[in-house]
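Read off the chains here:
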Amino acid sequence: MRPDPAARHVIYDFGSTMALLDVLNLQKRFRSTMAVQDVSFSVETGSCFGLLGPNGAGKTTTMEIIEQIIPPSGGTILYKGGQRDQLFREEIGIQFQHTSLLNFLSVRETLDCYRALYRTQADLAELIERCDLTPLLERRNNQLSGGQRQRLMLALSLLNRPQLVFLDEPSTGLDPQSRRHLWQIVQDIKAGGTTIMMTTHSMEEAQFLCDMIAIMDQGLIVAEGSPRRLITTYCKTNTITLSHASTAGCLETLSMPYSVDGGSVAIHTEDVDTTLKELLSCGVNLSEMAVHSANLEDVFLHLTGKKLRD
Ligand SMILES: Nc1ncnc2c1ncn2[C@@H]1O[C@H](COP(=O)(O)OP(=O)(O)OP(=O)(O)O)[C@@H](O)[C@H]1O
């Protein structure tokens, strides 16, 4: 099912905060592929804005156009309400999905080397501590684990004390512990006042880090809003799963819809508390119950008919 641009909804949670970045009717064609069809959004100062979508949705293309790495086929991008000029280039930081580092340099040498390129320079000691690089400073770049390398890449993107930092799938390929570690650092960077724009195809990452999310599919934004608002708007329903045997004689009396699949029963409800009370009053044993709360994956499925990870 193709996303219908007319069906796109933007749900703003912000009050009167200022947009740092405005993207208006962005388009990008690569020969026969319309990678970005008609994309518009704003990134508020001090927020973390995420482009969420499956592989090939057009997230990286959109971000690379904003970063001035590739030109658009159409549309307008404004930084602080004006054109992206030298100031924009000086005030942004970019963490690419793939960057080659010189293997024979140590982490300390790499940081020094890149930092020397900028007129505005971050406090290196503070940055090293923030990105948890202190124990790694004398290690060569090719001796870093995936998570350690990503923390170095993040530090490199912050060397010029950017006001706006772009992160392209920052935690792809990391184990759960390294991902959490990186997320904490990103949260810390945001708390320090840096605006963040990121791409991800991880709904957990988007849910954890982003204040606002634009869900992209096939070059279009199909919905935009805070994670909480997107979930409550599109997927109010939670699912309580129980064994069929434990609900014997009780299902018929329930006021909410349910479905039976083999030995298990799925009860669909917007109000988990009330449903649990009903089940308890009916004498149902809840010890093996599981509750699935709606998440961004459900929102994506609801809007596009597809799973995020297809
Ligand atoms: N340089 C290029 N030449 C031709 N087609 C391209 C080029 N770059 C991207 N595309 C195509 O544009 C579409 C969007 O790609 P893009 O990389 O922006 O998606 P994405 O959402 O970032 O995906 P991923 O999560 O896999 O990085 C895809 O169909 C891709 O094949």
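A quick note: this is a predicted structure, and the numbers were derived from the prediction, not measured. (Residues numbered from 1 in each chain as written. Predicted model: local features only at pLDDT ≥ 70, side-chain atom pairs only at ≥ 80, totals over all residues.)

## So, the packing of helix α8 (residues 227-234) against helix α10 (residues 296-304)
Put simply, α8 and α10 touch, their axes get as near as 9 Å, and they point 50° apart. By the criterion of interaxial angle, the relationship of α8 to α10 is oblique. Crossing handedness for the pair α8 and α10: left-handed. Mapping the contact onto sequence places P227, L230, I231 and Y234 in α8 and L296, V299, H302 and L303 in α10. Here the residues of the contact of α8 with α10 are counted per class, giving 7 nonpolar, 1 polar and no charged. (Axes fitted to C-alpha atoms, helices over the stretch in contact; angles between N-to-C directions. Helix = DSSP H or I, 4+ residues; strand = E, 2+ residues; numbered from the N terminus. Parallel < 35°, antiparallel > 145°, perpendicular 65-115°, else oblique. Left-handed = near helix turned anticlockwise from the far one by under 90°. Contact = placed C-beta atoms within 7 Å. Nonpolar A, V, L, I, M, F, W, Y, C, P; charged D, E, K, R; others polar.)

## Details of the sheet that holds strand β12 (residues 258-261)
With antiparallel pairing, 4 strands are arranged side by side in an open sheet as β12-β13-β11-β14. Strands with a single pairing partner mark the edges of an open sheet, and in this sheet they are β12 and β14 (290-292). In this sheet, adjacent strand axes meet at a mean angle of 20° when their direction is disregarded. Sheet topology note: the strand β11 (residues 238-243)/strand β13 (residues 264-269) ladder contains 6 bridges and is antiparallel. Across the sheet, S243 pairs through a bridge with S264, a residue of β13. (Pairing = 2+ DSSP bridges.)

## Concerning the site of the ligand
Around the ligand, the surrounding shell holds 13 residues, and the nearest of these are F30, A35, N55, T60 and T61. Of all the secondary-structure elements, those providing two or more residues to the shell around the ligand are β3 (33-44) and α1 (59-66). Per element, the largest residue contribution to the shell around the ligand is 3 residues, and it comes from α1. Looking at the shell around the ligand, its residues break down into 3 nonpolar, 9 polar and 1 charged. (Near = placed C-beta within 6 Å.)

## Concerning the UniProt feature "domain: ABC transporter" (unreviewed entry) in the protein chain
Here, the residues flagged by UniProt with the feature "domain: ABC transporter" (unreviewed entry) are residues 21-243. Secondary structure content for residues 21-243 is 33% helix and 30% strand, and the end C-alpha separation is 50 Å. (UniProt positions renumbered as here; feature names shortened; annotations may be inferred.)

## Some points on the confidence of the model for the protein chain
The pLDDT averaged across the protein chain works out to 88; a share of 94% of its residues lies at or above 70. Predicted confidence is poor over residues 1-7, with pLDDT under 50, and the contacts of this stretch with residues over four places away or in other chains come to 11 contacts. Interface confidence in the predicted complex, given as ipTM, is 0.97; pTM for the same model is 0.84. (pLDDT = per-residue confidence, 0-100.)

## Quick word on unusual backbone geometry
In the Ramachandran plot, Q68 falls in the positive-phi region, its phi being about 70° despite a non-glycine side chain. In this fold, Q68 is placed in the loop between α1 and β5 (74-79). Residues other than glycine seldom take positive phi values, yet E169 does so here, at roughly 45°. Positionally, E169 belongs in the loop between β7 (164-168) and α6 (176-191). Under the C-beta neighbour-count criterion, E169 is labelled partly exposed, with 19 such atoms within 10 Å. (Buried ≥ 20, exposed ≤ 12 C-beta atoms within 10 Å, placed from the backbone.)

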